[in-house]
Amino acid sequence: MIRGGGFEINRSDHTILTLSDKLIVGRNIGVPLTIYTYLEGGVGIFGNQTKKFFDKPLAFTGGFGGGGQFDTEDWGGLYLEVGYIGQQTSLDYPASGVLVQAGWRLFF
């Protein structure tokens, strides 16, 4: 997944863009609702007012949580997740917090 967003630390706005992967463990018992847990991690780039976007660009993310997905027969499913995510943009500024995500997942 591609994740982008912004946050404020010590009165400094940060922008982050990461490429992440998510390991999902759940069970589908033949009903349209699937309940699952997940573990995710990623790497990307970030920027703020005092740093150019591609200067020392690495940022890291990691998180865990759980969610539910309402499946359709042909087009994927609508999901809602609640979890905890940490982002490390430099050694001085780790950030973490609760994350609520909603979206549409396609099946192929």
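### Observations concerning the packing of aromatic side chains
Move 1: The final tally for this structure, using the stated rule, is one aromatic pair.
Move 2: When the ring of Phe64 is compared with that of Tyr84, the centres are 6.0 Å apart and the planes differ by 35°; the resulting orientation is tilted. Here Phe64 is found in strand E4 (residues 58–71), whereas its partner Tyr84 is found in strand E5 (residues 77–88), with 20 residues between them in sequence.
Move 3: With relative accessibility at 38%, the residue Tyr84 sits in the partly exposed group.
Move 4: Sitting over the face of the ring of Tyr38, Lys22 holds its NZ or CZ atom 4.4 Å from the ring centroid.
Move 5: The ring centre of Tyr79 lies 4.2 Å from the NZ or CZ of Arg105, which sits over that ring.

### Focus on the environment of Tyr84
Move 1: In sequence terms Tyr84 and Ser96 are twelve residues apart; their C-alpha atoms lie 7.3 Å from each other.
Move 2: Once you skip the residues sitting within four places of it in the chain, Tyr84 turns out to touch Gly62, Gly63, Phe64, Ser96, Gly97 and Val98.
Move 3: Polar side-chain contacts of Tyr84 include one of 2.7 Å to the side chain of Ser96.

### A word on the pattern of salt bridges
Move 1: Tallying each qualifying case throughout the model produces two salt bridges.
Move 2: One salt bridge in this structure joins Glu81 and Lys22, with 2.7 Å as the shortest N-O distance. Here Lys22 lies in strand E2 (residues 12–27) and Glu81 lies in strand E5, a separation of 59 residues in the sequence.
Move 3: Arg105 is the salt-bridge partner of Glu81, the closest N and O atoms lying 3.2 Å from each other. In this pair, Glu81 sits in strand E5 while Arg105 sits in strand E6 (residues 94–105), placing the two residues 24 residues apart along the sequence. Each member of the pair, Glu81 together with Arg105, is buried.
Move 4: Three or more residues joined by partner-sharing salt bridges are found here, namely Lys22, Glu81 and Arg105.

About the cut-offs
- Residues numbered from 1 in each chain as written.
- Predicted model: local features only at pLDDT ≥ 70, side-chain atom pairs only at ≥ 80, totals over all residues.
- Heavy atoms only, no water.
- Phe/Tyr/Trp six-rings, centres within 6.5 Å; stacked < 30°, edge-to-face > 60°.
- Helix = DSSP H or I, 4+ residues; strand = E, 2+ residues; numbered from the N terminus.
- Buried < 20%, exposed > 50% of the residue type's maximum accessible area, 1.4 Å probe, protein only.
- Lys NZ or Arg CZ within 6 Å of the ring centre and 35° of its normal.
- Contact = heavy atoms within 4.5 Å.
- Polar contact = N/O pair within 3.5 Å; in protein donor to acceptor, adjacent residues only side chain to side chain.
- Salt bridge = Lys/Arg side-chain N within 4 Å of Asp/Glu carboxyl O.

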